[in-house]
Amino acid sequence: MEKTKLEELRYPIGKYEVPSTISEDQVLEWIRILEHYPNKLELLVKELSTTQLETPYRPGGWTIRQVIHHVADSHHHSYIRFKWALTEETPLIKPYLEKKWAELFDSRTAPIELSLKHLSAVHAKLVYLLKGLSSSELKRGFVHPESQESTTIAENIGRYVWHGNHHYNHIKNLLKSESWI
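Residues numbered from 1 in each chain as written. Predicted model: local features only at pLDDT ≥ 70, side-chain atom pairs only at ≥ 80, totals over all residues. Heavy atoms only, no water.

S.K.: Describe the side chain of Thr63, and please don't skip the residues or the numbers.
M.R.: Within the element layout of this structure, Thr63 appears in the loop between helix 3 (50-53) and helix 4 (64-87). In contact with Thr63, other than residues within four places in its own chain, are Leu53, Glu54, Thr55 and Pro56. (Helix = DSSP H or I, 4+ residues; strand = E, 2+ residues; numbered from the N terminus. Contact = heavy atoms within 4.5 Å.)

Structural data, given as structure tokens:
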């Protein structure tokens, strides 16, 4: 497969770019998107067969099952990062090896309902938390040890909207290309 096509499959909505300014209205819109994301994802995947769930979204990529489990794992980590940023002074977060996590037994074989329910619970808690934050709390942040970049809570809200949509589109584009939807 040509490199350009593979890159389009890998980043169907482009790479995340932090907006130069983030308004209160933007944050509220992102929170609304996060609130509805678990249901949106579930509606896309709940009727898929085992064979469909075992299909990689791109050559060399994760299966749909692995993507769903990854989204739940990643958004769980993000929730914890929000909490750290709110309770510690610019904490250095702990990254996780997402590629290795995706190869674990549960990510390769577990029913997707487990992660869909987990994602729904995590997002319910996350949205409840985010709706109660002040403008000063949205400016609190954390540091990622690999990049040494500081990320504010507001920026991370946008990043996780992008992350969810990024993986949603991996699945949706595969379903369309296979004429499954």
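Having put the structure on the table, let's press on.
S.K.: Which residues make up the side chain of Glu155, and what values do they have?
M.R.: Along the chain, Glu155 turns up in helix 9 (residues 153-177). With residues up to four places along the chain from it excluded, the contact list for Glu155 reads Tyr16, Val18, Ile22 and Ser150.

S.K.: Lay out the pattern of salt bridges in plain terms, naming residues and giving numbers.
M.R.: The full count for this structure, using the stated rule, is four salt bridges. Residue Glu35 pairs with Lys131 through a salt bridge whose shortest N-O separation is 3.3 Å. With Glu35 in helix 2 (residues 24-45) and Lys131 in helix 7 (residues 112-131), this pair connects stretches of sequence that are 96 residues apart. Since its relative accessible area comes to 38%, Glu35 is described here as partly exposed. (Salt bridge = Lys/Arg side-chain N within 4 Å of Asp/Glu carboxyl O. Buried < 20%, exposed > 50% of the residue type's maximum accessible area, 1.4 Å probe, protein only.)

Scope: geometric values only; no functional claims are made or implied.
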